[in-house]
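Examination of the molecular architecture
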Amino acid sequence: MDRADGLAHYRKRFAGAETDLVYFDGNSLGRPPLSAIERMGDFMRDGWGERLIRGWDEAWLQLPVEIGDRIGRAVIEAKAGQTVIGDSTTVLLYKLARAAVDAQVARDPRRREIVVDTDNFPTDRYVLDGIANERGMKLRWIDVDISTGVSPEQLAEAVGPETALVVVSHVAYRSAYLADAPELTRIAHDAGALILWDLCHSAGSVPVRADAWGFDLAVGCTYKYLNGGPGSPAFAYVRDDLQAVITQPIQGWFGTRDMFAMGPDYEPEPSIRRFLSGTSPIVGMLPMEETLAMIEEAGMPALRAKSVALTSFAITLADDWLGPLGVTLASPAESEERGGHVTLHHPAMREVTARLWQRDVIPDYRDPGGLRIGLSPLSTSFEEVHRGLAATRDVLKTVLLERAGLA
Ligand SMILES: *Cc1c(COP(=O)(O)O)cnc(C)c1O
């Protein structure tokens, strides 16, 4: 399978991929591209070191929008001027969600509800709860099965004339359930609501068509499948016609029309820049450009095809080897409904994960009993998947024998 894989050669471009370590966590923190190591060195010496403060005017002020446009083009199919790199995903979620609900309430005071599902990523739920408290609004919860995600039927039932905003993850962080983004967007719009997509687990593994699917707002991580490094800044998408209609709550000088005028009042830049707040985290923006170059070259459809092949292979091995030991699939079995990772359930998985880490096999664990296997299409090989699942089988067998008092 590796020999037949047209993307196999990308693996060599990542640090550490030559070792025997099995990395099943590229969906939490991607491996570093080797070229990023050089790039960072050059930047320290020639960029920061030599250009010093001049670097801002010469290049850095434009980077949040330049890289944003690149993500727009290569990763989420958004035309230029709608995507920007800024703060953490959490902070961007806050800024966009607050901006959206304020605009909705101003338009129609009855719209006082935010719709979100009970298994959305914790930070999304916490941020929305905070906004609801701050604005005297209400959260309307969609109760989801943790091995799937939000269905169109569930969303249709939850939205109505009181909905201001809907927030959904495109790929569920736990189950990898791939939401029907165009359909959920249509349902939210039919109810007069805005929708904010969390693309953290899809950006760089599942194609997204932000413009064609009619997205209003979106945010996404860059340290997962985009290999930006720990804490690399997130991206925000705001559809162009909404940019002047919504007002983000953290009015900082980086979002103003003429930041060096240092004027008496906040006057936001008319463009996507108005969603910036403070000094851009330039150092953290550089590594992701190396992955963006690879995605531009390979194209998202090829990445998605490899991702589906990897998750399908992992599921086949899990069925054969782990099914007989009582392991069940806690992700969608159909590849059209699944993102780039696979969650396997067994009550012993917490201990299995700890022992796998000792053997340099690195998946992660999510309660209850979920072993989560993230398969990054540019850096993961089929051989690696095979070795990792064989190790999982061996470790689980040992744990079960020990628990039965037989080993
Ligand atoms: C990883 C992830 C986040 C992380 O937010 P940070 O602010 O970067 O910590 C948010 N949402 C989802 C769906 C995620 O998977």
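Residues numbered from 1 in each chain as written. Predicted model: local features only at pLDDT ≥ 70, side-chain atom pairs only at ≥ 80, totals over all residues. Heavy atoms only, no water.

In the annotation of an unreviewed UniProt entry, the entry for the protein chain reads Kynureninase, and the organism field reads Agromyces humatus. UniProt, in its Subunit (unreviewed entry) section for the protein chain, records the words "Homodimer." Listed in UniProt under the heading Sequence similarities (unreviewed entry), the comment for the protein chain reads: "Belongs to the kynureninase family." (UniProt positions renumbered as here; feature names shortened; annotations may be inferred.)

**A few points about the pattern of salt bridges**
Taken as a whole and assessed by the stated rule, the structure comprises 36 salt bridges. Note that Arg174 is salt-bridged to Asp119, the shortest N-O span being 2.7 Å. Note that Arg174 is positioned in the loop between β5 (163-169) and α7 (181-190) and Asp119 in the loop between β3 (113-117) and α5 (122-135), a separation of 55 residues in sequence. Each member of the pair, Arg174 as well as Asp119, is classed as buried. Where Asp190 meets Arg186, a salt bridge forms, and the shortest distance between an N and an O atom there is 2.7 Å. Placement of the pair is Asp190 and Arg186 together in helix α7, with a separation of 4 residues, close to one helical turn. (Salt bridge = Lys/Arg side-chain N within 4 Å of Asp/Glu carboxyl O. Helix = DSSP H or I, 4+ residues; strand = E, 2+ residues; numbered from the N terminus. Buried < 20%, exposed > 50% of the residue type's maximum accessible area, 1.4 Å probe, protein only.)

**What about the environment of Asp145?**
Mapped onto the secondary structure, Asp145 falls in the loop between β4 (138-142) and α6 (152-158). Asp145 gets classed as partly exposed once you look at its relative accessible area, which sits at 44%. Sequence spacing of Asp145 and Asp117 is 28 residues, and the spatial spacing of their C-alpha atoms is 9.9 Å. In terms of polar contacts, Asp145 uses its side chain to reach the backbone amide nitrogen of Ser147, at 2.9 Å. (Polar contact = N/O pair within 3.5 Å; in protein donor to acceptor, adjacent residues only side chain to side chain.)

**Topic: the site of the ligand**
Inspection of the region around the ligand gives 13 residues, with Thr90, Asp198, His201, Tyr223 and Lys224 positioned closest. Residue Asp124 places a side-chain N or O atom 3.3 Å away from a nitrogen atom belonging to the ligand. Within the side chain of Tyr223, one N or O atom sits 2.6 Å away from an oxygen atom of the ligand. Protein contacts shield 87% of the accessible area of the ligand, which totals 390 Å² for the unbound molecule. Those elements that place two or more of their residues in the shell around the ligand are α4 (89-107) and α5. When the residues that make up the shell around the ligand are grouped by side-chain class, the tally is 4 nonpolar, 6 polar and 3 charged. (Near = heavy atom within 4 Å. Areas by Shrake-Rupley, 256 points an atom, 1.4 Å probe, with all protein chains shown as cover. Nonpolar A, V, L, I, M, F, W, Y, C, P; charged D, E, K, R; others polar.)

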